[in-house]
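If you want the building blocks of each chain, they are given just below.
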Amino acid sequence: MTDRPSANAMWGGRFSKGVDAIMEAINASIGYDKRLAAQDIAGSRAHAAMLAAQGLLTDNEAGAIREGLLTVLSEIEAGEFAFSTALEDIHMNVENRLKEIIGEPAGRLHTARSRNDQVAVDFRMWVRDQADAAVAGLEALIRALLDQAEAGADWVMPGFTHLQTAQPVTWGHHMMAYVEMFARDTSRFRDARARMNESPLGAAALAGTGFPIDRHMTAQALGFDRPMANSLDAVSDRDFALEFLSASTICAMHLSRFAEELVIWSSAQFRFVALSDSFSTGSSIMPQKKNPDAAELIRAKIGRILGATVALFTVMKGLPLAYSKDMQEDKEQVFDAADSLMLALAAMTGMVSDMTANRESLAAAAGSGFSTATDLADWLVREPEHAVPRGASCHRRTGGAGRGQGLRSRRSFVGRNARGACPDHRRRLRRAHCRGFGRFAAELRRHRARAGARTDRALARTARLMSGLRLTYLLLAVVGAVWPMVHLLGYLFGEGGSLPGMVALWTANPAVAGLTADLLVSGVALAVWVVAETRVRKNWIALAAIPATFLVGVSFGLPLYLFLRTRPIT
């Protein structure tokens, strides 16, 4: 590495040696900031006019400078300009060429100005122009989406969650979702443009200038709303570029999501859309292939744009006020992100304009996967008289109108979504038809018929079993409770007993009193069974009373009968 023999003419007055070749390579930015040529020349022309108005330049000098700058611009636009890395950047390349054209007056152009505020104004103007271009690109894409939405406003298609069929929507409704996303992206670019539209020109290096300049004049000439309020802020911050990158990243994310859907929808497994040949490619080995390469590349652009955003945030995060050379690394990231975004917007607009939606495939997909199950359940809740009773047959459940009920539910769904849709498409959404849903209704009826038949058979078996148990219990209750009770009462009254005599008998013979109490309990158990069978039939109480009464009757009635037969009461 060797030293160069001369220093830079713009700033090298105190340097005795030129910079090393590596220093020149790392220091030069002309390879990419030459894209700021138009903005740099516009800013210099406005600055020259202001200097003349303030008496800092003569009218002749200002006129020569302004005309010479137009000559430089024409050379750059014609591709005839020779850029030099030794002159580092676009500012010094333009001023050097201007000096070659008009001579000494070119040196006075830098009065009351630094490259710090010069690059800040150039970069703001460039980003502002790109924000306008992004808005125009988004508006073109939105118009293409609106055309698609209008064409398919009543085309039924499946809506997805987790990429699984969820509920039916329409093609128009799906397209309008992206209209809303890109409309918000448009507003973000417009908001960012409004905030960045302040002129840093006149801040000089960092603390302004002692010359009597008119910053409002240059701001107005360059289309800014006002000069920036703080000179340190004017030359040191790049939040306008970060905000542009942030808006670009969100927009690219929306583009990537839509591109992913187009890749899926254009596959042989879905066949929802057919992309035109203009935005597809083929395979070098597989002749049947038609690849959605434009959509796949749009899907990938988010990586570059997000990377640029992270890179510039990382550059700016640790810089003290005011200007540092690190900020030279701001432009390449923004340039690349802006180029990627504009290309993605143009490609997506072309794809959307040329693609064709397959109405039949959309309707067929909407009719599968039980997409109307949620609406059917909601309808059954809202109209409980149509609820399905347990054990009812398929015909009773559906009333013979399963298809009609599903249709009513789907119409209800369309009406609800029409209220939230874009006003331009409400009428078409309300007319959305329901082709392709018959298979779901038929499957539901068959499922209900099978379930109902199984339930009916189970209930019939249960009923036969319970009838047998009731008959058996009745016989046992008569044998174990009624017959012993009649025998005991006959025994008591047969002795010529009366109520006082019975009391005396019970007092003299506790065994008789205990057996009588057992019989009374058995009678109560029998009464409970009768009530359960006649009053609360087909209730859990009746089912519980049957075994309970059976156990009581057998436990008390039958032993008492046997006791009376084998051991006479004394």
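Here is what the cut-offs are and how they apply
- Residues numbered from 1 in each chain as written.
- Predicted model: local features only at pLDDT ≥ 70, side-chain atom pairs only at ≥ 80, totals over all residues.
- Heavy atoms only, no water.
- Core = buried A, V, L, I, M, F, W, Y, C linked by side-chain atoms within 4.5 Å.
- Buried < 20%, exposed > 50% of the residue type's maximum accessible area, 1.4 Å probe, protein only.
- Helix = DSSP H or I, 4+ residues; strand = E, 2+ residues; numbered from the N terminus.
- Phe/Tyr/Trp six-rings, centres within 6.5 Å; stacked < 30°, edge-to-face > 60°.
- Pairing = 2+ DSSP bridges.
- Salt bridge = Lys/Arg side-chain N within 4 Å of Asp/Glu carboxyl O.

*Asks:* Hey, could you go over the nonpolar core for me, with residue numbers and the actual values?
*Replies:* Trp171, Leu255, Phe258, Trp265 and Met348 are the most contacted members of the largest nonpolar core, which totals 91 residues. The biggest single contributor to this core is helix H10 (residues 239-265), with 15 residues.

*Asks:* Quick one: what's the story with the packing of aromatic side chains, residue by residue and with numbers?
*Replies:* For the structure shown, the criterion picks out 12 aromatic pairs. Their ring planes at 55 degrees and their centres at 6.3 Å tell us that Phe160 and Phe270 sit as a pair that is tilted. Of the two residues, Phe160 sits in strand E1 (residues 156-161) while Phe270 sits in the loop between H10 and strand E5 (273-274), which places them 110 residues apart along the sequence. On the basis of relative accessibility, which here comes to 26%, the residue Phe160 falls in the partly exposed class. Consider the rings of Trp171 and Trp265, whose centres lie 5.5 Å apart with planes at 50 degrees: the pair is tilted. Of the two residues, Trp171 is situated in helix H7 (residues 171-196) and Trp265 in helix H10; the sequence distance between them amounts to 94 residues. Each member of the pair, Trp171 as well as Trp265, is classed as buried. Here the aromatic cluster, defined as three or more aromatic residues joined through ring pairs, consists of Phe160, Trp171, Trp265, Phe270 and Phe272.

*Asks:* Describe the pairing of E1, and please don't skip the residues or the numbers.
*Replies:* Within a regular strand, the side chains alternate between the two sheet faces. Here E1 pairs with strand E2 (residues 164-170) via six bridges, running antiparallel. Bridged to Thr161 within E2 is Gln164. In this antiparallel pair of consecutive strands, E1 and E2, the connection spans two residues, and His162 shows a positive phi of 60 degrees.

*Asks:* So what about the pattern of salt bridges? Which residues, and what values?
*Replies:* Tallied over the full model, the rule gives 17 salt bridges. Of the charged contacts in the structure, one is a salt bridge between Glu61 and Arg108, with a shortest N-O distance of 2.9 Å. One end of the pair, Glu61, is in helix H4 (residues 59-77); the other, Arg108, is in the loop between helix H5 (90-102) and helix H6 (115-151), and 47 residues separate them in sequence. With a shortest N-O distance of 2.3 Å, Asp336 and Arg304 are connected by a salt bridge. Residue Asp336 is located in helix H12 (residues 330-354), and its partner Arg304 is located in helix H11 (residues 293-316); the two are separated by 32 residues in the primary sequence.

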